[in-house]
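These are the residues of each chain, in order.
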Amino acid sequence: MVVQFESFAEPLVVLLVAPVSFVGALGLLLVTGTALNVASFMGLILLVGLIVKNGIILLDFTRLRMQTEHVRSRSQSGRRARVRLRPILMTTLCTLFGLLPLALGIGRGASCSDRSPSR
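What you see is a predicted model; the values in this text were computed from it and never measured.

Definitions and limits used
Residues numbered from 1 in each chain as written. Predicted model: local features only at pLDDT ≥ 70, side-chain atom pairs only at ≥ 80, totals over all residues. Heavy atoms only, no water. Helix = DSSP H or I, 4+ residues; strand = E, 2+ residues; numbered from the N terminus. Buried < 20%, exposed > 50% of the residue type's maximum accessible area, 1.4 Å probe, protein only. Contact = heavy atoms within 4.5 Å. Areas by Shrake-Rupley, 256 points an atom, 1.4 Å probe, with all protein chains shown as cover. Phe/Tyr/Trp six-rings, centres within 6.5 Å; stacked < 30°, edge-to-face > 60°. Core = buried A, V, L, I, M, F, W, Y, C linked by side-chain atoms within 4.5 Å. pLDDT = per-residue confidence, 0-100. Expected span 1.5 Å × (residues − 1).

**A look at the overall build of the protein**
Link 1 in the chain: Secondary structure summary: the protein contains 4 helices and 0 strands in total.
Link 2 in the chain: Starting at the N terminus, the α and β elements of the protein follow one another as α-α-α-α.
Link 3 in the chain: The buried share of the protein, taken over its 119 residues, is 17%.
Link 4 in the chain: Pairs at least 24 residues apart make up 51% of the contacts formed inside the protein by residues separated by at least 6 positions.
Link 5 in the chain: Here the protein has roughly 9,000 Å² of accessible surface; of this, 68% comes from carbon and sulfur atoms.

Now the structure itself:
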């Protein structure tokens with residue numbers, strides 16, 4: 001990412017947000033009383049990947065706009081964030097709805113201890 005953004009600051013910001021989201025998700029698991037198992041750990045890994053991807057999308061768009069408009073100020077970053085909000089929400093919601101069966105424990109991979117295996 002350092003080569004892509006041609007600086008150390010922007011990739012550092014993206015990578016420092018990932019542990020914060022990880023800690024927040026672990027806190028939510030603690031508050032809801034959900035055990036840290038393989039399914040929730042996989043969800044945490046996917047969450048960090050999604051956060052990093054969204055950060056890269058937003059930073060890349062901001063850098064592109066700053067270069068084309070020849071503006072060195074980040075004063076209009078809110079407007080740029082609103083432009084990229086729809087694609088970020090689309091990818092986030094697609095990931096969320098795709099992982100919903102895993103989060104709810106339904107479907108083929110769900111383990112249910114009250115049923116005996118069918119033969």
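Back to the text.
**Notes on the environment of Leu85**
Link 1 in the chain: When you line up the elements, Leu85 lands in helix α4 (residues 77-104).
Link 2 in the chain: In this structure, the C-alpha to C-alpha distance between Leu85 and Leu58, residues 27 residues apart in sequence, is 8.7 Å.

**So, the side chain of Asn54**
Link 1 in the chain: Here Asn54 shows up in helix α3 (residues 38-69).
Link 2 in the chain: The buried category is assigned to Asn54, whose relative accessible area is 13%.
Link 3 in the chain: The contact partners of Asn54, leaving out residues within four places of it in the chain, are Ile88, Thr91 and Thr92.

**Observations concerning the packing of aromatic side chains**
Link 1 in the chain: If you walk through the whole model with that rule in mind, you get 1 aromatic pair.
Link 2 in the chain: With 6.5 Å between their ring centres and 85° between their planes, Phe22 and Phe41 make a pair best called edge-to-face. Here Phe41 lies in helix α3 and Phe22 lies in helix α2 (residues 9-32), a separation of 19 residues in the sequence.
Link 3 in the chain: The partly exposed category is assigned to Phe22, whose relative accessible area is 24%.
Link 4 in the chain: The partly exposed category is assigned to Phe41, whose relative accessible area is 40%.

**With respect to the nonpolar core**
Link 1 in the chain: Grouped together as the largest cluster of nonpolar side chains are 5 residues: Phe5, Val14, Ala18, Val52 and Leu59.
Link 2 in the chain: Going through the elements one at a time, α2 and α3 are the ones with two or more residues in this core.

**Observations concerning the confidence of the model for the protein**
Link 1 in the chain: Averaged over the protein, the pLDDT score is 77; the fraction of residues at 70 or greater is 78%.
Link 2 in the chain: Ranking the elements of the protein by mean pLDDT puts helix α1 (residues 2-5) last, at 77, and α2 first, at 85.

**Looking at α2**
Link 1 in the chain: The terminal C-alpha atoms of α2, which comprises 24 residues, lie 35 Å apart, in line with the 34 Å expected from a rise of 1.5 Å per residue.
Link 2 in the chain: For α2, the set of buried residues is Glu10, Pro11, Val14, Ala18, Ser21, Ala25 and Leu29.
Link 3 in the chain: Buried residues in α2 make contact with α1 and α3.
Link 4 in the chain: Gly33 sits one or two positions beyond α2 and adopts a positive phi of about 75°.

**Let's talk about the environment of Phe22**
Link 1 in the chain: In this structure, the C-alpha to C-alpha distance between Phe22 and Ile45, residues 23 residues apart in sequence, is 8.3 Å.
Link 2 in the chain: Those residues within four positions of Phe22 in sequence are excluded, and the remaining contacts are Phe41, Leu44 and Val48.

**A few points about the environment of Thr34**
Link 1 in the chain: Tracing the sequence through the fold places Thr34 in the loop between α2 and α3.
Link 2 in the chain: The class for Thr34 is partly exposed, based on a relative accessible area of 41%.

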